[in-house]
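Each chain is listed here by its residues.
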Number of protein chains: 2
Amino acid sequence: MQFNSVLDNLKTYEAGKPIELVVREYGIEAKDVIKLASNENPRGCSQKVIEAVREEATKMNLYPDDSMYELKEALAHKYNVSDKNIIIGSGSDQVIEFAIHAKANANTKVLIAGVTFAMYEIYTLQTGAKVLKTPSAQHNLKEMLELYKANSDISIVVLCLPNNPLGECVDTKDVYAFLDEIHPETLVIIDGAYQEYARFKDAAKKIEPSDIIAKYPNTIYTGTFSKAYGLGGMRCGYGIAQPEIIKALLKLRAPFNITNLTLKAAIVALRDQDFVDASVRENFEQMKAYEAFAKALGFRIIESYTNFIVLEFDARKNSGEIAQKLMEKGIIVRNLGSYGMNAIRVTIGTPEQNSRFFECFKTLYM
Amino acid sequence: MQFNSVLDNLKTYEAGKPIELVVREYGIEAKDVIKLASNENPRGCSQKVIEAVREEATKMNLYPDDSMYELKEALAHKYNVSDKNIIIGSGSDQVIEFAIHAKANANTKVLIAGVTFAMYEIYTLQTGAKVLKTPSAQHNLKEMLELYKANSDISIVVLCLPNNPLGECVDTKDVYAFLDEIHPETLVIIDGAYQEYARFKDAAKKIEPSDIIAKYPNTIYTGTFSKAYGLGGMRCGYGIAQPEIIKALLKLRAPFNITNLTLKAAIVALRDQDFVDASVRENFEQMKAYEAFAKALGFRIIESYTNFIVLEFDARKNSGEIAQKLMEKGIIVRNLGSYGMNAIRVTIGTPEQNSRFFECFKTLYM
């Protein structure tokens with residue numbers, strides 16, 4: 001059967017390997033598998049959220065409140081915006097999907113960093129639009145601006161602040177200077193999935209959604225409950241933008257795009273800021289151990305403003321092989337080979353998980 | 001800001017009003033509100049599912065197994081197909097979204113019944129394709145075939161068996177005769193969201209996915225956990241088709257399109273067939289009360305093969321007013337006015353809920 005031609009060029013996203021797969025394929029017991037591949041919160045999530053979800057479990061037969069009134073109110077309060085500035089997605093990547101599908105088409109291009117979140121490209125190709133990447137892997141706003149000025153058919157620019165899967169983060173003042181040069185008809189998506197981490201480490205990286213959308217009405221900020229809030233498995237994210245943009249994106253949102261337990265989890269998670277703060281603090285304490293480890297072993301890292309760290313190898317080592325050998329030992333990390341890099345991305349785990357990683361990695365690397 | 005022109009003609013789906021809204025807007029206590037508007041299972045869901053989800057709640061930080069290996073295996077076993085015949089969606093409507101987006105485009109048309117599930121039209125308009133509806137509200141395969149033969153640009157036909165929101169169901173032998181006339185390049189979507197009900201009431205309505213996709217490789221069957229399985233709030237459905245179709249649709253599926261609790265819920269739900277059987281049995285016992293009630297009051301109903309029933313009014317009554325008055329009394333039903341009908345759709349509830357509906361309705365109607 002013939003399908004729409006845009007499908008011909010589509011690749012599917014390669015998700016981090018789940019623990020179940022390592023159990024199945026390598027016969028390692030689930031309790032012995034450590035997953036440092038998908039930037040999940042190693043502390044789990046707030047105990048208050050677990051309790052609320054368990055209580056709500058008797059209502060799984062009921063569709064969620066599709067207006068998402070309570071969650072929008074809570075987010076509006078947190079970010080000092082109105083509920084008309086907010087759209088909820090099944091993960092923030094679904095909001096990014098809506099944004100790209102609403103604006104990009106076969107006659108336009110989407111501009112992204114050389115190595116960044118793979119879904120930007122996939123959503124773009126689904127519309128028939130082309131992807132333009134900077135020569136540099138990490139965000140380089142000078143290169144971005146040059147490409148932007150040279151291509152009048154760019155409809156969207158995506159900035160990942162901080163950037164997944166590399167971990168770097170552009171300073172907010174440089175983002176603002178960049179946005180000054182962007183035409184009001186170009187949509188700029190600011191993916192803040194790891195903003196809780198970046199703004200803790202360095203205030204110069206903090207993006208304030210209410211400020212950026214007021215100053216640049218052509219921007220949409222996206223945030224998520226998947227990382228610092230510890231709810232990756234529950235699929236909840238949000239977009240914050242001017243009502244005009246939100247209205248357009250809502251037309252692409254199917255009803256009930258998150259579960260009723262997700263809705264409850266997100267509402268309660270917003271009330272437990274202590275959990276988030278503790279997670280972020282421990283993350284950077286533990287990251288120091290990775291930095292020291294890398295220095296001791298003499299390989300390069302990219303300074304990270306997130307909950308993961310990228311270890312780069314020289315030509316004598318192959319990242320694919322290292323990732324494979326770690327997996328056979330029950331440690332799942334992300335090989336960045338498919339991004340054209342000889343590197344692995346490792347989620348900062350609990351102290352115990354990190355120690356096991358260091359030990360195991362040393363045996364393989366030395 | 002300018003968005004893609006297909007958005008101009010898009011309406012947003014009007015979801016059934018949630019209990020929370022009635023609580024907010026009419027000041028009625030949540031415990032006094034009865035929701036008979038969204039065809040949810042009034043028995044809740046299997047107790048085994050509730051227990052499994054509560055246990056899984058400690059893992060909300062972890063992304064689900066994106067291969068959905070265990071769920072696909074369970075569905076493959078149930079339906080006697082291979083896991084390569086299966087795609088999982090956030091509700092079966094997401095699978096329908098993938099199918100329409102994969103095949104329809106601005107140069108084609110999608111053929112549906114006169115009054116049927118509203119999302120078919122919305123997903124179609126998102127692609128720029130046109131919607132063709134039969135003059136009859138209920139499925140009329142003769143009219144469908146005439147329209148099909150008169151329009152060579154039809155890329156998709158959608159059959160809703162049984163049909164939401166009306167409740168009627170075409171005989172399977174007539175569906176097969178219809179499919180004999182359809183070109184192998186036309187995709188036929190068979191929405192079986194309420195099949196558990198239809199096949200219980202009348203074996204002549206039963207669609208066997210393995211049989212229909214073998215005989216007609218241009219068909220995709222979609223099923224859901226939202227109705228008989230009592231998991232509407234968890235958003236899980238599936239498509240069953242030849243691997244060629246599944247592969248194309250998978251290209252439009254974003255990773256982690258269901259939550260990890262949803263995955264667990266669906267897997268455990270499939271193991272408790274007794275819950276489903278009891279739900280379906282009680283549904284039709286209770287439907288008899290609606291039929292008797294309608295007869296006694298002298299208004300028309302459409303014979304239903306689902307878990308809801310449509311009550312049609314003559315010109316002296318207005319369905320919108322009746323639905324509004326019921327809502328003010330804390331009973332939420334679906335007004336079918338937006339479908340051009342002077343009718344309401346009522347989900348078959350528990351015996352207690354139904355008694356309260358009858359009582360309240362009588363006061364309003366007489």
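Because the structure is a prediction, the values reported are computed rather than measured.

### Let's talk about the pairing of strand β8 (residues 237–240) of chain A
Note on strand geometry: in a regular strand, side chains alternate between the two faces of the sheet. All names here are of chain A. A two-sided burial pattern is seen for β8, the buried positions comprising G237 and G239 on one face and Y238 and I240 on the other. Relative to β8, strand β2 (residues 86–89) is paired through four bridges, and the arrangement is antiparallel. Looking across to β8, one finds that G89 is bridged to G237. Where strand β7 (residues 219–224) lies against β8, four bridges are found, and the strand directions are antiparallel. When the sheet's bridge partners are listed, T222 is paired in β8 with G239.

### Observations concerning helix α12 (residues 273–297) of chain A
In this model, α12(A) (25 residues) spans 37 Å end to end at C-alpha, consistent with the 36 Å of a helix rising 1.5 Å per residue. G298(A) occupies a position one or two residues after α12(A) and carries a positive phi of about 80°.

### As for the relation of the copies chain A and chain B
Of the transformation placing chain A onto chain B, the axial shift is 0.0 Å and the rotation is 180°, giving an RMSD of 0.0 Å. Classification of the inter-copy transformation places it as that of a two-fold axis. Ranked by how close their C-alpha atoms come to the rotation axis, the residues of chain A are headed by R54(A), at 2.5 Å. Interface overlap between copies: 100% of the residues of chain A at the interface are likewise at the interface in chain B, consistent with a symmetric, same-surface contact.

### Points about the domain arrangement of chain A
All names here are of chain A. Along its sequence, chain A is carved into domain 1 (5–45 + 274–365) and domain 2 (47–272). Just the C-alpha atoms count here: the centres of domain 1 and domain 2 sit 24 Å apart. Listed as interface residues are 32 residues of domain 1 and, on the opposing side, 38 residues of domain 2. On the domain 1 side of the interface with domain 2, the three residues burying the most area are C45, Y305 and Y339, jointly 25% of the side's total. For the pair domain 1 and domain 2, the number of links is one salt bridge. For E303, the salt bridge is made with K201, and the minimal N-O distance between the two is 3.3 Å. Where domain 1 packs against domain 2, one counts twelve residue pairs in polar contact (both at pLDDT 80 or more). Contributing elements (two or more residues each) for the side of domain 1 that touches domain 2: α12 and β10 (308–312). For the side of domain 1 that touches domain 2, the leading source of residues is α12, giving nine residues. Here the side of domain 1 that touches domain 2 is composed, by residue class, of 15 nonpolar, eleven polar and six charged.

### A look at the side chain of T224(A)
All names here are of chain A. Along the chain, T224 falls in strand β7. Only 3.0 Å separates the side chain of T224 from the backbone nitrogen of S226, close enough to count as a polar contact. At 3.4 Å, the side chain of T224 forms a polar contact with the backbone oxygen of C236. The contact partners of T224, leaving out residues within four places of it in the chain, are S92, A193, E196, Y229, C236, G237 and Y238.

### Concerning the environment of S67(B)
Structurally, S67(B) is set in the loop between α2 (47–56) and α3 (69–79). For S67(B), a relative accessible area of 33% puts it in the partly exposed group. For the pair formed by S67(B) and S46(B), sequence separation is 21 residues and the distance between their alpha carbons is 25 Å. Excluding anything up to four places from it in sequence, S67(B) contacts R24(A) and K72(B). At a separation of 2.8 Å, a polar atom in the side chain of S67(B) contacts the side chain of D65(B).

### Side note on the interface of chain A and chain B
With 73 residues of chain A in contact, the opposing surface of chain B contributes 74 residues. The three residues of chain A that bury the most area against chain B are M1(A), M60(A) and Y63(A), which together make up 14% of that side's buried surface. Where chain A meets chain B, there are two salt bridges. When the shortest N-O distance is used, the salt bridge between R24(A) and D65(B) registers 3.5 Å. At the surface where chain A touches chain B, the tally comes to 37 residue pairs in polar contact (both at pLDDT 80 or more).

### Comments concerning the sheet that holds β2(A)
Residue and element names in this part refer to chain A. Across the sheet, seven strands lie side by side as β2-β8-β7-β6-β5-β3-β4; this open sheet has mixed pairing. Unpaired on one side and paired on the other, β2 and β4 (130–133) mark the two borders of the sheet. With direction set aside, neighbouring strand axes in the sheet form an average angle of 20°. On top of the sheet, helix α3 (residues 69–79) reaches β2 and β8; it is set at about 125° to β2, its chief contact.

Rules behind the numbers
- Residues numbered from 1 in each chain as written.
- Chains lettered and ligands numbered in written order.
- Predicted model: local features only at pLDDT ≥ 70, side-chain atom pairs only at ≥ 80, totals over all residues.
- Heavy atoms only, no water.
- Buried < 20%, exposed > 50% of the residue type's maximum accessible area, 1.4 Å probe, protein only.
- Helix = DSSP H or I, 4+ residues; strand = E, 2+ residues; numbered from the N terminus.
- Pairing = 2+ DSSP bridges.
- Expected span 1.5 Å × (residues − 1).
- Least-squares fit on C-alpha atoms with pLDDT ≥ 70 in both.
- Contact = heavy atoms within 4.5 Å.
- Domains from an automatic or database assignment.
- Buried area = accessible area lost by both parts, 1.4 Å probe.
- Salt bridge = Lys/Arg side-chain N within 4 Å of Asp/Glu carboxyl O.
- Polar contact = N/O pair within 3.5 Å; in protein donor to acceptor, adjacent residues only side chain to side chain.
- Nonpolar A, V, L, I, M, F, W, Y, C, P; charged D, E, K, R; others polar.
- Axes fitted to C-alpha atoms, helices over the stretch in contact; angles between N-to-C directions.

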